[in-house]
Amino acid sequence: MALIAPRVTAGLPAEDAQKLKYALDGSHDITVFVDGTVHRLPPEARDAVVDLLGRFSRGEAVTVSSVEEMLTTSRAAELAGISHTYLRNMTDRGEIPVEYRGTHRRIRLADIMAWLETQQKPHADKTGAGAPAAGDAAAADIS
């Protein structure tokens, strides 16, 4: 996923901010129309929109940007339940995508989650059960 540059929007004029503040007071029900069609936002998106509108209602300038969580090898290994050495070896072999920030490796959270899913499917197919516990995977990794 490509990240789009942040967009900065100046605060609303005082009169517009006051009208928006009045409209938001006591309500978190936000209806969104896109090309005349009503869309119900999931809770996370609704909360973000309410926060954005609340900031505008206070006359604040707002910056909107995308965030893609990049993990250190230690954090990614911890989430995967494997040693960081084993994870580094997998990145060297190209099994898990990695980006370098200088000499430091960074791994997308989505890539770790995708790898974990691939590890759970074969094990579940063979035994009819879920994947081994994180501790079992770490114990099997001798580094």
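Note that the structure is a prediction, hence the values are computed from the model and not measured.

Cut-off values and rules
Residues numbered from 1 in each chain as written. Predicted model: local features only at pLDDT ≥ 70, side-chain atom pairs only at ≥ 80, totals over all residues. Heavy atoms only, no water. Helix = DSSP H or I, 4+ residues; strand = E, 2+ residues; numbered from the N terminus. Polar contact = N/O pair within 3.5 Å; in protein donor to acceptor, adjacent residues only side chain to side chain. Contact = heavy atoms within 4.5 Å. Axes fitted to C-alpha atoms, helices over the stretch in contact; angles between N-to-C directions. Parallel < 35°, antiparallel > 145°, perpendicular 65-115°, else oblique. Left-handed = near helix turned anticlockwise from the far one by under 90°.

Turning our attention to the side chain of Arg105. As for its placement among the helices and strands, Arg105 is situated in strand β7 (residues 104-108). At a separation of 2.7 Å, a polar atom in the side chain of Arg105 contacts the side chain of Thr91. A polar side-chain atom of Arg105 sits 2.8 Å from a polar atom in the side chain of Asp92. Those residues in contact with Arg105 that sit more than four places away from it in its chain are Leu71, Thr72, Thr73, Arg88, Thr91, Asp92, Val98, Glu99 and Tyr100.

In this section: the packing of helix α1 (residues 14-24) against helix α2 (residues 43-57). The N-to-C vectors of α1 and α2 enclose an angle of 135°; their axes lie 8 Å apart at closest approach. Taken together, the axis directions place α1 and α2 in an arrangement best described as oblique. As for how α1 packs across α2, the hand of that crossing is left-handed. On the side of α1, the interface is formed by Ala17, Leu20, Lys21 and Leu24, while α2 contributes Leu53, Gly54, Phe56 and Ser57.

Functional significance is not addressed by these values, which are geometric in nature.
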